[in-house]
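# Tertiary structure, described
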Amino acid sequence: MSHMLIIGGGLAGGTAAEALRDEGFDGDITVVAAEAHPPYQRPPLSKGYLAGSEGLDAVLLHPAEWYDERGIRLITGVAATSLEPAAHAVELEDGERLTYDAVLLATGATPRMVPLPGHDLPGVMTLRRLDDSDELAAQLREGGKRLVVIGAGWIGMEVAATARGFGNEVAILERDAVPLAMALGAEMGEVFRGLHLEHGVDLRTSVGVDRIVGEGRAEGVVVDGETLAADLVLVGVGASANTALAEEAGLDILNGVLTDEALRTSAADVFAAGDIANAFHPVLQRHLRSEHWANALNAGKVVARSMLGQPASFDDIPYFYTDQYDLGMELSGYAPLMTDAEIVVRGDLDAREFIAFWTDDGRIVAGMNVNVWDVNDKVQSLIRSGARIDPDRLRDPEAPLEDL
Ligand code: FAD
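The model shown is predicted, which means the values in this text are computed figures rather than measured ones.

To continue, consider the site of the ligand. Of all residues adjacent to the ligand, which total 36 residues, the nearest are Gly8, Gly10, Arg42, Gly108 and Gly274. Residue assignment for the shell around the ligand shows that the elements contributing at least two residues are α1 (11–22), β2 (28–33), α8 (293–307) and β22 (319–324). If you count residues domain by domain, the shell around the ligand takes at least three from each of domain 1 (3–108 + 242–308) and domain 2 (111–238).

Here it is, written out as C-alpha cells:
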C-alpha cells in the first residue's frame, strides 16, 4: 500500500487530497495542516465571511468528518518541521515521523509585515488565516471604527470595501502613485481609486508611512509627518512563499519552489502546488508563480495526477477575481506580459462596466471583465488562440467576442 503525503491544509493541499481519491487512488493519504482547521479557501476571509454574509461552510472545502469518510487522515494544528527527500520522510513538530511514496508541498504564503516602528503593537494585523478574519470581523462589524490600511493591494482594498459596508472610517495608504499598479498598471488601477473614493475611503497614494504609534495598542499611523487616528491597522503589503521546508531539504528555489510543468520539484517524488510553486508554464515557456485561488484549485487537481505517475501538465491561463462594493471583476492572463502591453477597452470605463484587453502586437495576453459577466471563457479562448485581433473590432461592443 502506498502513501501520499500532503503538507499544508489550504486550497491546493485539500484539493489534491480530494483529487487523489477521485483519480481512484485507494492507498493511504495524509494531510498535515499547521492551522487548527480542516483545509479551507481564503477569498471569503476579506469579503463575505468577513462581512458575515457567508458562513464557515463557504470557507471550508469539506467538513472535518468528510476526511474520515474518504479515508484521509487529517492532522490539524501540527506543522511539518523537516523533509528528508532521500529517506522519503517528513518529521512533524509533535515528533511523529511519516514516510511517503510521494509528498506534496502546499504550504502557501505568509503575509509580509512592514518593518516600521510600532508594527508589533496590538491592533496591527495582517489577514491570511481564518482566525485573522474572525478577529477583524469582531472589530469591523461593530461599525464606527477607524481603520487604517497600509498597502493598496487586493486584500487591503477588499477589506476596506467590507469595512465601509459597516460604516467604519477607512484610510488606505499606498507608497505607489496608483492603487493596484503592480497588478493592473496605472490606467486600470485608477478605476479602483475612483471606486474607493466614491465610497468615502481616504485613499492616499505616493505617501510614506513613518511609524505606527500608540500606548500599549495601535492608536495612529504617522504618514508623511501627519498622524491619522486608528483603532485598527491592517497591513496588506504582499506575502512571501513558505519555502523553509523545501529550502532546508535542498530543493531548487527561485521565487518559490521551482517545478516543471507536471509540478515535480528538483527532488524525486516531491511535488509543489499553490502559492509556493514557481511552475514551468508550457505555453509561456517560463516559470510562473501565481498567488491566486484558481491556481491553487487547479494545480491541486493536476498535481494529484502527477503524484500518481499519470501524465500531467499545468497549463492554465492564470485567473483572478475580486469583489469590492458593487464591483465584480475577473482577470485572466499572463502577468509578466501585461507590463509592456497596450490596453484596449470595450465598454464604459466611467460606468465601470467594461472589458479591458492587454494586447501585445495585436495578440491578447490578458483580459479583465468588470461588471460584465459570462465572458471569461471567451476572453480565455482569445488569449489561448494567440491570434492578432483588430483593435477597432476588439473595442466595438457590437462585435461578438466569439467572432473576433
Ligand atoms: P494556503 O491557502 O496559504 O494554504 C497553505 C497552508 O499550509 C496554510 O494553512 C499553512 O498554515 C499551512 N502550512 C504552512 N507551513 C506548513 C507546515 N510546515 N506544515 C503544515 N502546514 C503548513 N485569490 C483570488 O484569486 N481571488 C480572491 O478574491 C482572493 N482573495 C483572497 C483573500 C484573502 C484574505 C487571502 C489571504 C487570499 C486571497 N486570495 C485570492 C489568494 C488565495 O486565497 C491563495 O492563492 C490560496 O489560498 C493559495 O492556496 P495554497 O493552498 O497554496 O496556500
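In this section: helix α4 (residues 130–140). Along α4, the positions that sit buried rather than exposed are Ser133, Leu136 and Leu140. Summarising the axial view, the buried residues of α4 lie within an arc of 65°, below the 170-degree limit, and thus occupy one face. Facing away from the buried side of α4, by more than 90 degrees, are the exposed residues Asp131, Asp134 and Ala138. On its buried face, α4 is in contact with α2 (48–51), β9 (124–125), β10 (146–150) and α5 (154–165).

This part covers the sheet that holds strand β6 (residues 97–99). The 3 strands lie next to each other as β4-β5-β6, forming an open sheet whose pairing is antiparallel. Two strands close off the open sheet at either side, each with one partner strand: β4 (80–84) and β6. Between one strand and the next, the sheet's axes are offset by a mean angle of 20°, whatever the strand orientation. Here β4 runs beside strand β5 (residues 89–92); their pairing, made up of 4 bridges, is antiparallel. Within β5, the residue paired with alanine 80 across the bridge is leucine 92.

Attention now moves to the sheet that holds strand β16 (residues 232–235). Here 5 strands make up an open sheet; going across it, the order is β9-β16-β10-β11-β12 and the pairing parallel. Of all strands in the sheet, those with a lone pairing partner are β9 and β12 (202–204), marking the two edges. The pairing of β9 with β16 spans 2 bridges and is classified as parallel. Counted as the bridge partner of valine 124 is valine 233 from β16. Of the strands in this sheet, β10, β11 (169–173) and β16 touch α5, which is tilted by about 165° from β11.

Bringing the domain arrangement of the protein into the picture now. You can read the domains of the protein as domain 1 (3–108 + 242–308), domain 2 (111–238) and domain 3 (326–403). Here the C-alpha centroids of domain 1 and domain 3 sit 32 Å apart.

Packed helix pairs are specified by the crossing angle of their axes together with the interaxial distance, meaning the distance between the axes. Look at α1 against α8: their axes get within 7 Å of each other, and the N-to-C directions meet at 40°. Overall, the two elements α1 and α8 adopt an arrangement that is oblique. The way α1 lies across α8 gives a crossing that is right-handed. On α8, the residues touching Leu11, Ala12, Thr15, Ala16, Ala19 and Leu20 of α1 are Trp293, Ala296, Leu297, Ala299, Gly300, Lys301, Val303, Ala304 and Met307. Taken together, the residues of the contact of α1 with α8 break down into 12 nonpolar, 2 polar and 1 charged.

The next thing to look at is unusual backbone geometry. One non-glycine residue, leucine 180, adopts positive backbone phi at about 60°. Along the chain, leucine 180 turns up in the loop between β11 and α6 (181–198). Residue leucine 180 is classed as buried on the basis of its C-beta count, with 22 C-beta atoms lying within 10 Å. Even without being glycine, asparagine 255 reaches a positive phi, approximately 50°. Tracing the backbone shows asparagine 255 in the loop between α7 (244–248) and β18 (257–259). We classify asparagine 255 as exposed; it has 12 C-beta atoms within 10 Å.

The rules behind the values
Residues numbered from 1 in each chain as written. Predicted model: local features only at pLDDT ≥ 70, side-chain atom pairs only at ≥ 80, totals over all residues. Near = placed C-beta within 6 Å. Helix = DSSP H or I, 4+ residues; strand = E, 2+ residues; numbered from the N terminus. Domains from an automatic or database assignment. Buried ≥ 20, exposed ≤ 12 C-beta atoms within 10 Å, placed from the backbone. Arc of directions from axis to C-beta. Contact = placed C-beta atoms within 7 Å. Pairing = 2+ DSSP bridges. Axes fitted to C-alpha atoms, helices over the stretch in contact; angles between N-to-C directions. Parallel < 35°, antiparallel > 145°, perpendicular 65-115°, else oblique. Left-handed = near helix turned anticlockwise from the far one by under 90°. Nonpolar A, V, L, I, M, F, W, Y, C, P; charged D, E, K, R; others polar.

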